[in-house]
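# Close look at the chain arrangement
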There are 4 protein chains.
Amino acid sequence: MADLFWPGDERALTAFDQGSFLETMVEVEIAWLQVLRKDGAPVLDDAQDWELVTADDLDQVALAAEAGGNPVIPLVDLMRARLRERGASGAADWLHRGLTSQDVMDTAMVLCARAAAGGVLRDLDALVASLVALADRHRDDVMIGRTLTQHAKPITFGLKAAQWLQGVLDARDQVRALRWPGQFAGPVGLGLPQAAHASAALGLDDVPPWHTVRTPFTRYVDALVATTDALGHVADDVLVGARSEIGELAEPAGDGRGGSSSMPHKQNPVLSVLVRRAALTLPGLAAQVHLAAADTRDERPDGAWHTEWSTLATMSRRTLVATSQAAELVGGLRVDTARMAALAGADAPADTGHTIDRILRRARENTA
Amino acid sequence: MADLFWPGDERALTAFDQGSFLETMVEVEIAWLQVLRKDGAPVLDDAQDWELVTADDLDQVALAAEAGGNPVIPLVDLMRARLRERGASGAADWLHRGLTSQDVMDTAMVLCARAAAGGVLRDLDALVASLVALADRHRDDVMIGRTLTQHAKPITFGLKAAQWLQGVLDARDQVRALRWPGQFAGPVGLGLPQAAHASAALGLDDVPPWHTVRTPFTRYVDALVATTDALGHVADDVLVGARSEIGELAEPAGDGRGGSSSMPHKQNPVLSVLVRRAALTLPGLAAQVHLAAADTRDERPDGAWHTEWSTLATMSRRTLVATSQAAELVGGLRVDTARMAALAGADAPADTGHTIDRILRRARENTA
Amino acid sequence: MADLFWPGDERALTAFDQGSFLETMVEVEIAWLQVLRKDGAPVLDDAQDWELVTADDLDQVALAAEAGGNPVIPLVDLMRARLRERGASGAADWLHRGLTSQDVMDTAMVLCARAAAGGVLRDLDALVASLVALADRHRDDVMIGRTLTQHAKPITFGLKAAQWLQGVLDARDQVRALRWPGQFAGPVGLGLPQAAHASAALGLDDVPPWHTVRTPFTRYVDALVATTDALGHVADDVLVGARSEIGELAEPAGDGRGGSSSMPHKQNPVLSVLVRRAALTLPGLAAQVHLAAADTRDERPDGAWHTEWSTLATMSRRTLVATSQAAELVGGLRVDTARMAALAGADAPADTGHTIDRILRRARENTA
Amino acid sequence: MADLFWPGDERALTAFDQGSFLETMVEVEIAWLQVLRKDGAPVLDDAQDWELVTADDLDQVALAAEAGGNPVIPLVDLMRARLRERGASGAADWLHRGLTSQDVMDTAMVLCARAAAGGVLRDLDALVASLVALADRHRDDVMIGRTLTQHAKPITFGLKAAQWLQGVLDARDQVRALRWPGQFAGPVGLGLPQAAHASAALGLDDVPPWHTVRTPFTRYVDALVATTDALGHVADDVLVGARSEIGELAEPAGDGRGGSSSMPHKQNPVLSVLVRRAALTLPGLAAQVHLAAADTRDERPDGAWHTEWSTLATMSRRTLVATSQAAELVGGLRVDTARMAALAGADAPADTGHTIDRILRRARENTA
C-alpha cells in the first residue's frame, strides 16, 4: 500500500500486491472447485466459501512456500483445513483436484495482470484526454525546438504535446490488444478437460496449455514497458522545460509537492522525477521476463518460472504508479507560453497544424 | 558476412550489416531526390545514379562519422562530390534538401529492419512446417514429462513439439504484425510536405513524424525477442534430450558439425548451443532499445538515439542466424522414440491428441 | 519477513527491509544530532531518544514520501513532532540541521548494505567450509566430465566441488573488500564540517562527498552479483546431477522440502531451483544500479538516484536468501559416488589432486 | 577500424577486434608449442613461424567456425596446413596438443582484454591529469549547484570537476586491480602440467583452471562499466552546461566537430553525446557477462560461454572509444566562468577548497 523504497507506490492500491495475489489464487481454486461440480464435487454454501483465506493469512502461507518452491501447497493445505473446520470436508477432498501449482499461479497472475492493465488503461485514457487538450490549445504557441541539447528551429508546444500523445496512443494500443488466457494444464501440460469451463468462469480466454510458452506474460511486460517508455519521454521533456534557466514548464503545484528537506523555497519537479525513475527501470525488468521465457526447459523449468512472479508484480505496480503520476502531471502542467516565445526569438512561427491534426485525429478515432 | 565472435553469422548474409545499411541510406537519399522533382530537382540518368556510393565506400564514410555524431553528413558530402564528378551538380545541390540526418538514418533502419524481418519470417515459416510435421508424426510417441528436472508424468513427444510450435506461432504473429513507417520529419519534426510521397516510393507507411516516439523500433525488437524466446525454449529442450544419459534427441548430423578440438569422437549439439546463445542475449539488447525510447528528451535526444543503431543491427543479425539454425535443427532433428518409451516406463500412454490438434489447427489457419 | 512472490525471503530476516531502513535513517539522524552537540545541540536523555520512530511508523512515513520524492521530509517532521511531545523541542530544532535528504538516505543505505554484506559473508564462510570438506572428501571419486551437455572425459567430484569453491572464494574476496563510507555532503555536496565525526560515530569511512559518484553502491552490487554468479554455477551443476536419468547428486531431504502439489511422490531440487532463480535476476538488477551511476547529472540527478533504493534492497535480500539456501544445499548435499563411477565407465581415474590442493590451499589461506 | 553504427570506433584501433583476436589465438598456440619443446616438440624457425595465420585469414576461419561452435578447430587446421607447407610437419603434429578450444579462446580473450585495459588506463591517466588541472584552476569559480534540475545553492566549478575526478579515480583503481590469468585447463579442466610455463611465457598469472569460474571476465566488465559510469556522469553534466540557455560549458572546437546536416550554424556537443551513448549501453552488456558466469553448467556450458566473446569485444572497444573521447572532451573543455557567476547570482562564494584538496590529494597519491 506504501513503499518506503518507491514513493508513490500507494497509488497502485492493492493491485498485484501479495495480499491480492493470495486472494486471487483462492478465487482460482474456488472457481475450479465449482467447475468440478459436474464431476461430483459438492456445492459450497456462502458461509463455507466466504473469506476462506484472505490477505490476513499472507504470512502463514508465504512462510511455508519455500519447501515446495511456491505458495500453492501451503495455500491448498490451509484452504482444506478451513473447509473442514466449516464442515465442508467433501469440498476439501475435491479442492485442487487435477490442478498443478503452476495452473493456480499462472491463472492468478493473469487475473492480477488483467486488473493492473485495466488500471493502467484508465490512467492512459485520462492522459490521452489531457494531451489532446494540450496539443490543441497550444497549436500556435511557438517554442524553440532543441536537438542534441541545442536550439535548432521553432516548433510549437502543441506539436511537442502531440508527440507525447503519439507515444501514449502507441502504448494504449498495445495494452488494449493484450489477451488474458486461463491456464488449466495439469502437471505436465496435457490440458484438463474442464479447462474451457474454468477459463470461462473467470472471464479468461480458453487456449491450449501454455505452461512452457510464456507469451501472455512477455506481451504483457512489453506493453508495460511501452507505457513507461512513453511516459519517460514526457517526463524527460518536462524536466528540461522546468530547468531553472529555461522555465517553460512547471509541474502542478500540490500540497507540499516538490519540497526539499534543506531548502524550503525550492520547488522540485517531483512527479517527472518519479515517472522517469520508473522508465529507467522497466526495460531491464522486462528483459528478465523474456529471459525466463527463453530459458524454459522441460515441462516446468528449473528456476526461470520462479523469477516471473516478483518481476511481474513489481512492473505492474510501477507502471500503475507512473501512469497515475503522469496523468496528474500532464493534467495540471503549467505552460509559460510567453517564456517559450521569448526563447524562440523572432523566428517565424512554425507550421505544425497539419501534423498536430493528424495525431489528434488518431486519438479521436481510437477513443470513440 | 562472417564473425569470429559469433559463429554462424554468415547465415544472415548482408542483412543489416554496415555495407547494406550504407547502401540503404543512399537509396533513401535518392528516393527523396526523385520526390523533389516535383519541386524542381533535376532527373538523374542511370549512369549518374548507378552505384553512386556503395559498401566499398564504407570506411571513408564511417571514419568521417564521428565529427557530426552520425554518418549522414559525410555520406551526403560524398554523394554530392560523386554527383558533381558525374556532371549532375544540379542534383548535388538538391540532394538531402529539407531532410535531417535522423530522417535518413531512421528510414534506412526501418528498411533494413523490414528486410531482416522478411528473412526471419521465411525461416519461421519453415520452422512452423517442420514443427507441424513433428507434432503430427509423434502424436502417440510417449515420453516422460519432466518438471523441475524430475520425471513427472508421461506426455508425448508430439505434445512437446506442439508446445514449441505455439511459441513459434506467437513469435510469427508478432513479426507479421510489424509496421514499417517512413521518417521524413525534418530538423525538428514539423513533418515534410513530401513525406507521403517519399514513404510511398519506398513502400513504407505514411505516418506523422516519430523522431521522438520510437515505437516502430521497440515493437520490432519485441518481436525479435519473442522469436529468440521461442527458439531458446526449443534449444533448451533439445539440450536436455541430447544429454548423454538421456539420448532421446540428437541434432542432425552435418559435415564436421559438432566436432571437438580435443575429442574427435564427441558430437556436440552445436546448433542448439548457438541458438541458446542468441536467446540469452536478446532480452538485454531489447532493453537497450526500450531505454533509448524512454530516455528521449528534446526534438532529438542526447545519446539515446545513438545507441539504437548498433543494437538494432546486432539483434537483427542474431535473430536471423538463430532462426536459420533452429530451422535446420528442427528440420533434421533425430528422435529416438524407443529411448523415449524406455524412459517413460510402463505408464499408460498420455492422451495428448486433443491439445496437439488445437495447436495444429492454429498453425494451419495462420499459414493458409 | 516473508514474500509470497519470493519463497524463502524470510531467511533474510529484516535485513534491508523497509522497517529496518526506516530505523536506520532514524539512527543516522540521531547520530548527527549527537555530533551537533559540539555546535550547541542539546543532549537527549534515553527516554527522549528511545524508539522515537520505529518500523511501526512505516506506513505513515511511506505514505507521505511522494510529495518530496523521498521519505526524509516526513521522517524528520515525525521525529520533530515526537521530540516535542517528549519535551525535547531544542533537539527538534537542531534535528537534521545542515543535512540534506540524500545524506540520510545514502548513509542509511550504506549501513543497511554493510549489515547485509555481513550476513552474506557469514553464509559464504559456511559455504567455503562445506565446499572444502566436499572437495577433500571426494578428491578420488571419479565422475564423468561433461562439456556442452555431452560426456567428455573423467574428472573427480572433488574437482567439481573445488571449482564451485573457487567461485565462492572469488565472491567472498569481493564482498570482503567492500568499503562503507558515510555521506554527509549537505545540499549541494560541499561537505559538512562534522562529517568525519559523524562517520566515525557510525563506524563508517570518512571520505569526500560522493553524492554524484555512486561507486560505493556499484561495487556493492558487483559483489552481490559475483556471489549469485558463484551460487548459480553450483545450482546449475546440482540441477544436472539431480536429473532423474543422472542421479549423481540429491538435495538434502528436509521437512516437506521438494514436495509437489499434484505428485506427492516427487522430490524436486527446490533449493537449487530457488538459488538459480536469484542468479538469473541479479545481473539485470545490478545493471540498473550502474545505469543510475552513469546517468547522474547536476548535484542530484533527476530520477537515477531514485531507482537505487528499491534495487539495492531487493538485491541485498535476494543474495542473503540465495547464500543461505546454497549453504544449506551444499552442507547437506547427497553424493552418489557409485552412480558417478558407473556413469564414468571403465576410464582410468582422473588425476585431479594437484588442482584440488591448489584451490584448497587458497581457501585455507583466506580463512585463517 | 571504423564502424558505421558506432561513430568514433576507429579510436580503438584494432583493439579486441576480430583480426587481433585471431592473431592473439595464434600467439597462444605458438606459445604453447614452444612450451611443448620440453616434451619433444620441434623448434620452429622464424620463417616457419612468421605470420603463420593473420587477420587476412579472418573470413576463412570465421566461416568455418560454426561447425564446431567456435573458431579454434578451423584455426588449428589452418595453422597445421600452413606449417606443413613450410616444412614443419613435426610442429603441425604437436600443435594444440593437450589443449582444448576453450583454453585458446579464454587465454586469447584475457590477452586482448589486458591490451584493451592498458589503452583504457592510458586515457584515464590523461583524464585524471586534465581533471586535476580543471579542479585546481576553478577552485574559486562559483557556479550554481543544481539538484533535481533546479537551482539549489552555489558550488564552484572546481568542486564539480573534483567530483568527476573522484569517479574516474574509482574506475582507474578498478582497472588497475585487474588480474590476467592464463587458461590451460585441458578438455575437462584437470589443469595441464605445462600451464605455469605457458602462462609465464605470455606474462599471465598462473592460477588453477577457471573454465567454469568466470571471475576474470566479470571483474573485467565490472571495471569497464565503472569506467563508463564515471564518463557518463561527466558527459551528462557537460550536456546540461552546454544547453543553449545555460552556456556554462562548451566542447572543444574541432574540425567540423558538432556539425549538423541541416543547420550548418549549429554546434552540437557531439563528444558528450557519444560518451553518454556508451554509458547507456555498458551496464546491460556487463549483465550479459554476469549471466554467462551464473548460467554455467557442466565442465563447459551449453551456450553461456558462447555469449561472452562478442560482448567482451564490444564492451572493450566501446570503453576505449569513450575514454578517448572523454579525454579529448575534458582536455579541451571551454568553461565560461562569467556565465557561471551570472547564473549563480549574488550568493556568497562557496567554500569548496577543503573537499577539492582532499580529492586532489588522492589523485596525486594514486598517480605518483
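This write-up is about the structure you can find in this document. (Residues numbered from 1 in each chain as written. Chains lettered and ligands numbered in written order. Predicted model: local features only at pLDDT ≥ 70, side-chain atom pairs only at ≥ 80, totals over all residues. Heavy atoms only, no water.)

### Notes on the overall build of chain A
Which entries qualify depends on this criterion: Put simply, DSSP H or I for four residues or longer makes a helix, DSSP E for two residues or longer makes a strand, and each gets a number counted from the N terminus. For the exposure calls, accessible area comes from a 1.4 Å probe over protein chains only, and a residue counts as buried if that area is under 20% of its type's maximum, exposed if over 50%, partly exposed in between. Throughout, a residue-residue contact means that at least one pair of heavy atoms, one from each residue, lies within 4.5 Å. Under the convention used here, a 1.4 Å probe and the Shrake-Rupley method define accessible areas, while residue burial counts only the protein chains that appear.
Each helix and strand in chain A was counted, giving 13 helices and 4 strands. In terms of overall dimensions, chain A has C-alpha extents of about 80 × 45 × 40 Å along its principal axes. Taken over 368 residues, chain A has a buried fraction of 69%. Look at the contacts in chain A between residues 6 or more apart in sequence, and 78% of them connect residues 24 or more apart. Entry remark: accessible area of chain A is about 10900 Å², with carbon and sulfur atoms responsible for 50%.

### Notes on the relation of the copies chain B and chain A
The cut-off we apply is this: The copies were overlaid by least squares, fitting only the C-alpha atoms of residues that reach a pLDDT of 70 or more in each copy.
Once chain B is rotated about the relating axis by 180 degrees and shifted along it by 0.0 Å, it coincides with chain A to within an RMSD of 0.0 Å. Taken together, these values place the two copies in the relation of a two-fold axis. Closest to the rotation axis within chain B is the C-alpha of Ala 287 of chain B, separated from it by 3.0 Å. The fraction of interface residues of chain B whose copies in chain A are also interface residues reaches 100%, indicating that both copies meet through the same surface.

### Observations concerning the interface of chain B and chain A
The test is simple: Throughout, buried area stands for the accessible area (probe radius 1.4 Å) lost by two parts on being put together, summed over both. Here, a salt bridge means any Lys or Arg side-chain nitrogen found within 4 Å of an Asp or Glu carboxyl oxygen. For the purposes of these results, a polar contact is taken to be a pair of N or O atoms within 3.5 Å, where, inside protein, one atom must be able to donate a hydrogen and its partner to accept one; residues adjacent in sequence count only when each atom of the pair is a side-chain atom. Amino acids outside the nonpolar list (Ala, Val, Leu, Ile, Met, Phe, Trp, Tyr, Cys, Pro) and the charged list (Asp, Glu, Lys, Arg) are all regarded as polar, and Gly is one of them.
Across the boundary between the two partners, chain B contributes 68 residues, which contact 68 residues of chain A. When chain B packs against chain A, the two sides together hide about 5300 Å² of surface, and 53% of this comes from carbon and sulfur. Summed over the shared surface of chain B and chain A, the number is 8 salt bridges. The closest approach of N and O atoms between Arg 358 of chain A and Asp 206 of chain B, which form a salt bridge, is 3.4 Å. The tally of links between chain B and chain A comes to 38 residue pairs in polar contact (both at pLDDT 80 or more). Breaking the side of chain B that touches chain A down by element, the ones donating at least two residues are β1 (142-147), β2 (150-156), α7 (157-176), α9 (215-241), α10 (270-294) and α13 (353-367) of chain B. If one sorts the elements of the side of chain B that touches chain A by residue count, α9 of chain B sits on top with 12 residues. When grouped by side-chain class, the residues that make up the side of chain B that touches chain A number 26 nonpolar, 22 polar and 20 charged.

### Quick notes on the interface of chain A and chain D
Where the parts come together, the accessible area they lose is often given as the size of the interface. In this assembly, 27 residues from chain A lie in contact with 26 residues from chain D. Surface buried jointly by chain A and chain D totals about 2400 Å² across both partners, of which 55% is contributed by carbon and sulfur atoms. Across the contact surface, chain A and chain D share 2 salt bridges. For Arg 146 of chain A, the salt bridge goes to Glu 245 of chain D, with nearest N and O atoms at 2.7 Å. In this assembly, chain A and chain D are joined by 8 residue pairs in polar contact (both at pLDDT 80 or more). For the side of chain A that touches chain D, the secondary structure elements donating two or more residues are β1 (142-147), β2 (150-156), α9 (215-241) and α10 (270-294) of chain A. Ranked by residues supplied to the side of chain A that touches chain D, first place goes to β2 of chain A with 4 residues.

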